[in-house]
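The residues making up each chain are set out below.
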Amino acid sequence: MDQHRRRELARSAPLCGEIMPALENLLADLTSGDEARAEAAVPSLAALGETVIPSLRGLLDSTDSDIRWWATRTLASLPSLDPGLLLLSLADAAPEVRQCAALGLCSHPSEDALQPLIRALSDADALTADLAAKALIAVGEPAVEGLLEVLKDAPQSARIHAMYALSEIADPRAIPAMISVMSEESAILHYWAEAGLERLGVNMVYIKP
């Protein structure tokens, strides 16, 4: 080992020794069951960056949904994150964990999350579905084709979330679908379709037959 490498290791050794106890203490706070302690630990853990990911990934396997929620919450707070980690939580059995994951994906938009988010529009939990729509809006134009597919044959609640997302993204490819739903008996679909058409500059008067 050359002298330069020895100096680098010597400088990093005290730092590693400081980080590990700090990480252990913060993780103890995060999983303490005390909401104030857990919330206070989140930004400190996030500040450690990728160092915390393996520990948080391990917490996602906990049988305690509260611990899984806090792990997801902390992962979502990281400035840089592989969204695949949040997708694990998006499929969690607990609706509050799925909600947390969907909210996190709003801050970490990724095309890799498109299909799981599209599926989440049909989630039995309404808030998860709503947050999934917002996460798809954050992805933007790449989400349009998947959202248009939802309008064809998905449950009505998912179709409404999809139309909301399309109205916010305001991509011209959605214009025919927006016009088409105006013949349906859903005031909510009409509302979001009209909002989208207005954003796209399509000024039309619709007369229900």
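The preceding data block contains the structure.
Please read these numbers as outputs of a predicted model, since none were measured by experiment.

*Asks:* Hey, could you go over the packing of helix α10 (residues 156–169) against helix α12 (residues 187–199) for me, with residue numbers and the actual values?
*Replies:* At a minimum axis separation of 8 Å, α10 and α12 run at an interaxial angle of 15°. As far as their axial angle goes, α12 and α10 are roughly parallel. Of the two possible hands of crossing, α10 and α12 adopt the one that is left-handed. Residues Gln156, Arg159, Ile160, Met163, Tyr164, Ser167 and Glu168 of α10 touch α12, and the partners they reach there are Ile188, Leu189, Trp192, Ala193, Ala195, Gly196 and Arg199.

*Asks:* Could you give an account of the packing of helix α4 (residues 65–77) against helix α6 (residues 95–107), naming the residues involved and the relevant values?
*Replies:* α6 packs onto α4 with a crossing angle of 0° between their chain directions and a minimal axis gap of 9 Å. On the basis of their axis angle, the class for α4 and α6 is roughly parallel. Here Ser65, Arg68, Trp69, Thr72, Arg73 and Ala76 of α4 come into contact with α6, specifically with Glu96, Val97, Cys100, Ala101 and Gly104. Among the residues making up the contact of α4 with α6, the classes are represented as five nonpolar, three polar and three charged.

Calculation notes
- Residues numbered from 1 in each chain as written.
- Predicted model: local features only at pLDDT ≥ 70, side-chain atom pairs only at ≥ 80, totals over all residues.
- Heavy atoms only, no water.
- Axes fitted to C-alpha atoms, helices over the stretch in contact; angles between N-to-C directions.
- Helix = DSSP H or I, 4+ residues; strand = E, 2+ residues; numbered from the N terminus.
- Parallel < 35°, antiparallel > 145°, perpendicular 65-115°, else oblique.
- Left-handed = near helix turned anticlockwise from the far one by under 90°.
- Contact = heavy atoms within 4.5 Å.
- Nonpolar A, V, L, I, M, F, W, Y, C, P; charged D, E, K, R; others polar.

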